[in-house]
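# Breakdown of the fold
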Amino acid sequence: MSNTTALVTHLFEGHRIRVSTDQQGEAWIVVADACAALAESPMVWAIASRRDEEHCLHSEEGPGAGGFTLALINEAALLRRLLDSDKPSATRMRRWLTH
């Protein structure tokens, strides 16, 4: 994956969903944010996401020890996870993501 832009926050049903885009305009979603909105474990998602091109890490430096690294998943992988889920919130998030 190419370098991503700064994270932009969107709201889904009161949950913060941070999104970055790469140089080709592809959206990359913070896994922890999507999992929190769906009440799912990020570890379950990490195990399920096996395609290298669908996930990456996003790091930002901050003052002192203020930097951080986040796991990102691309939009296609998120949609696949949402389609595989039987949770009502997954159906709502899929609609939110595609409209």
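Look above for the structure.
Residues numbered from 1 in each chain as written. Predicted model: local features only at pLDDT ≥ 70, side-chain atom pairs only at ≥ 80, totals over all residues. Heavy atoms only, no water.

### Points about the nonpolar core
Formed by 17 residues in total, the largest nonpolar core has its most connected members in Ile 17, Ile 29, Ile 73, Leu 78, Leu 82 and Met 93. Breaking this core down by element, the ones donating at least two residues are β2 (15-21), β3 (27-30), α1 (31-38), α3 (75-84) and α4 (88-98). Ranked by residue count, the leading element in this core is α1, at five residues. (Core = buried A, V, L, I, M, F, W, Y, C linked by side-chain atoms within 4.5 Å. Buried < 20%, exposed > 50% of the residue type's maximum accessible area, 1.4 Å probe, protein only. Helix = DSSP H or I, 4+ residues; strand = E, 2+ residues; numbered from the N terminus.)

### Brief notes about α1
Taken across its eight residues, α1 has six buried, putting it largely inside the fold. Among the residues of α1, those classed as buried are Val 31, Asp 33, Ala 34, Cys 35, Ala 37 and Leu 38. In the stretch just after α1, Ala 39 is the one whose phi turns positive, near 55 degrees.

### Looking at unusual backbone geometry
One non-glycine residue with positive phi stands out, namely Glu 13, at about 50 degrees. With respect to the secondary-structure elements, Glu 13 resides in the loop between β1 (8-12) and β2. On the basis of relative accessible area, Glu 13 is assigned to the partly exposed category, the value being 46%. Even without glycine at this site, Ala 39 takes up a positive phi of about 55 degrees. Tracing the sequence through the fold places Ala 39 in the loop between α1 and α2 (42-48).

Worth remembering: the numbers are spatial, not functional.
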